Amino acid sequence: MQRCSAGSCHHPSMPRPALTAPRCRCHNQMPGGRPRPPLRHTAAAPHARMWPRLGKLEEITHLMVGSLKQCGSLLYYYLGTRLGRKKPILGGMKLTRQCNLRCRHCPFWREPAPSLSFSRAVSCMEALRAWGVRILILEGGEPFLWKDGDADLQAVVGEARKLFSCVGVTTNGTFPIEIDADVVWVSIDGLQETHDAIRGQSFATAMANIAASSHPDIYAHITINSLNYKEIPELVESLSDRVKGITIQFHYPYPGVEESLLLPLARRRAVLDRLIELKKAGLPVADSCACLEALKDNRWKCHPWMIASVESDGKLTRGCYVEGRGEISCERCGFAAHAELSLAYSGVLEAIRTGNRIFTRPERASSHA
Ligand code: SF4
């Protein structure tokens, strides 16, 4: 196995598709070895630059305090739900169904609907917060396409950050990834040829935008289907030093989308076994092994009340992501995020740690807990 050219990198790096220049997040370099601009969320204080050990100690203390506060907040949430206050904790908001791509597995661009206005987006976020939501994911369609007058995605993120502990954005990666969200997921659904066959020509642009972005928390998100399942291990290896982590889900058979994209369970199990091996070998698969195991036969106890959604027409729903978007078929579910959340609620420590790792922002936890 090759190693990162910077020498001490912990992510093994493998031969990669030719189109994208290599980029090493852990050594903070841009393509061609240029230093990356300072990261917004982690800029070191002057004393930390003078005394690096003090800076490290401060960082660890900061993390511990933030994590303790987050744990306290989670414990409060957990006890509340046990007392009958079942509140959603994760919200997804579709700003728009408009998209510049036509992905084969996606039902949303197929049914045009009005996009949210800025004022409606803010009132929906306030409603989600009142329901109990603490983590908000802004999605589409393509959320970077969304605009209302002068307001753009950054304006929505700015409002969201006043209300939620963590704000994420999902994108197809075809726009520059300069956004002040806490986490960004870029959909990458195969090596170049397969990705482009599923999503339309966009692989090269998405990889270039990931490489050029100064955002410190970019995850690649893979939707696994019958077209790409064979190359998932190679894809994970090629992405491993380009993003902070990799999350997955399996294709869900929405109405109006090709049935044949659904991966039969036997093949799904084989992919999950390989993903677990890769994670154990140190590759940055972010989903917990417990979650990957649970997806093999879909027998985890789902708690769909932990989820809330906003449609692009402003309709709010509680429950499964499929609610109002298709027939809910738990046997065919492949939503790893829901599985992870439900496992965390059921007390699976690895799932709790995974959620903390992705969503905890210690420096912000105090104001939103
Ligand atoms: S489809 Fe999946 S996320 Fe939805 S209720 Fe069933 S198991 Fe839960």
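Residues numbered from 1 in each chain as written. Predicted model: local features only at pLDDT ≥ 70, side-chain atom pairs only at ≥ 80, totals over all residues.

A. Examining the overall build of the protein chain more closely. When helices and strands are counted, the protein chain shows 12 helices and 10 strands. Per-residue burial over the protein chain gives 41% buried out of 369 residues. (Helix = DSSP H or I, 4+ residues; strand = E, 2+ residues; numbered from the N terminus. Buried ≥ 20, exposed ≤ 12 C-beta atoms within 10 Å, placed from the backbone.)

B. How the structure looks around the nonpolar core. In terms of nonpolar packing, the biggest core is built from 83 residues, with Leu136, Leu138, Val184, Ile246 and Cys291 touching the most fellow members. The element that contributes the greatest number of residues to this core is helix H10 (residues 336-345), accounting for 7 residues. Setting aside chain neighbours within four positions, we find Leu138 in contact with Met93, Leu95, Pro143, Leu153, Val156, Val157, Ala160 and Val169. (Core = buried A, V, L, I, M, F, W, Y, C linked by C-beta atoms within 7 Å. Contact = placed C-beta atoms within 7 Å.)

C. Molecular detail of the site of the ligand. In the vicinity of the ligand, the contacting residues are Cys302, Pro304, Cys320, Val322, Ile328, Cys330, Cys333, Phe335 and His338. For the shell around the ligand, the residue count by class is 8 nonpolar, 1 polar and no charged. (Near = placed C-beta within 6 Å. Nonpolar A, V, L, I, M, F, W, Y, C, P; charged D, E, K, R; others polar.)

D. Focus on unusual backbone geometry. Of the consecutive residues Gly140 and Gly141, the connecting peptide bond is found in the cis state with omega at 20°. Structurally, Gly141 can be placed in the loop between strand E2 (135-139) and strand E3 (147-148). Of note in this structure, Asn298 is not a glycine but carries a positive phi near 55°. By the secondary structure assignment, Asn298 is in the loop between helix H9 (289-294) and strand E9 (307-310).

E. Seen up close, the sheet that holds strand E6 (residues 183-187). Reading across from one edge, E8-E7-E6-E5-E2-E1-E9-E10 is the order of the 8 strands in this open sheet, with mixed pairing throughout. The open sheet is flanked by strand E8 (245-250) and strand E10 (316-318), the only strands paired with a single partner. Across the sheet, the mean angle separating the axes of adjacent strands is 20° when strand polarity is ignored. With 4 bridges connecting them, strand E1 (residues 90-94) and E9 associate as parallel partners. Across the sheet, residue Leu90 finds its bridge partner in E9, namely Ile307. Along the sheet, helix H3 (residues 118-131) makes contact with E1, E2, E9 and E10, crossing E9 at roughly 165°. Sheet strands in contact with helix H7 (residues 232-239) are strand E7 (218-224) and E8, and its direction is about 170° off that of E7. (Pairing = 2+ DSSP bridges. Axes fitted to C-alpha atoms, helices over the stretch in contact; angles between N-to-C directions.)

F. Expanded view of the pairing of strand E5 (residues 166-171). In terms of burial, E5 is a largely internal element, 6 of the 6 residues being buried. Pairing analysis gives 4 bridges linking E2 to E5, with the strands arranged parallel. Opposite Ile135, over in E5, you have Cys166 as the bridge partner. As paired elements, E5 and E6 share 4 bridges and run parallel to each other.

G. Region of interest: the environment of Asp196. Checked against the element boundaries, Asp196 lands in helix H5 (residues 192-199). On the basis of neighbour count, Asp196 is assigned to the partly exposed category, with 15 C-beta atoms found within 10 Å. For the pair Asp196 and Cys103, spaced 93 residues apart in sequence, the C-alpha separation works out to 9.1 Å. Filtering out sequence-adjacent residues up to four positions away, Asp196 remains in contact with Gln201, Ser202 and Phe203.

H. Here's a closer look at helix H8 (residues 265-280). A rise of 1.5 Å per residue sets the reference length of H8, with its 16 residues, at 22 Å; its end C-alpha atoms lie 22 Å apart and thus fit the reference within 8%. For H8, the set of buried residues is Arg268, Val271, Leu272 and Leu275. Viewed along the axis of H8, the buried residues span an arc of 100°, placing them on a single side of the element. Exposed side of H8, more than 90 degrees from the buried face: Ala266, Glu277 and Lys280 are the residues found there. Of the surrounding secondary structure, the elements contacted by the buried residues of H8 are E7, H7, E8 and H9. Note on H8: the residue one or two positions beyond its end, Gly282, has a positive phi of about 105°. (Expected span 1.5 Å × (residues − 1). Arc of directions from axis to C-beta.)

I. The packing of H10 against helix H11 (residues 349-359), seen in detail. At their nearest, the axes of H10 and H11 sit 7 Å apart, and the two run at 120° to each other. Between H10 and H11, the crossing angle belongs to the class labelled oblique. Of the two possible hands of crossing, H10 and H11 adopt the one that is left-handed. Residues Glu340, Leu343 and Ala344 of H10 lie in contact with H11, whose contacting residues are Ala351, Ile352, Thr354 and Gly355. Class assignment for the residues of the contact of H10 with H11 results in 4 nonpolar, 2 polar and 1 charged. (Parallel < 35°, antiparallel > 145°, perpendicular 65-115°, else oblique. Left-handed = near helix turned anticlockwise from the far one by under 90°.)

J. Structural view of the packing of H3 against helix H4 (residues 153-163). Contact pair H3 / H4: the axes reach a minimum separation of 10 Å and the direction vectors enclose 20°. Relative to H4, H3 is oriented roughly parallel. Remark: the crossing between H3 and H4 carries right-handed chirality. When H3 is examined against H4, the residues Phe118, Ala121, Val122, Met125, Glu126 and Arg129 are found in contact with a partner set consisting of Ala155, Val156, Glu159, Ala160 and Leu163.

K. Seen up close, helix H6 (residues 203-212). Of the residues making up H6, those classed as buried are Phe203, Ala206, Met207, Asn209 and Ile210. Buried residues of H6 fall within an arc of 160° about the axis and therefore sit on the same side. Those residues of H6 that are buried are in contact with E6, H5 and E7.

L. Highlighting the environment of Gln98. As for its placement among the helices and strands, Gln98 is situated in the loop between E1 and H3. Since 18 C-beta atoms lie within 10 Å of it, Gln98 is described here as partly exposed. A C-alpha to C-alpha distance of 8.0 Å links Gln98 and Trp146, two positions 48 residues apart in sequence. When neighbours within four sequence positions are excluded, Gln98 is seen to be in contact with Ser115, Gly141, Glu142 and Leu145.

Just distances and angles here, no functional claims.
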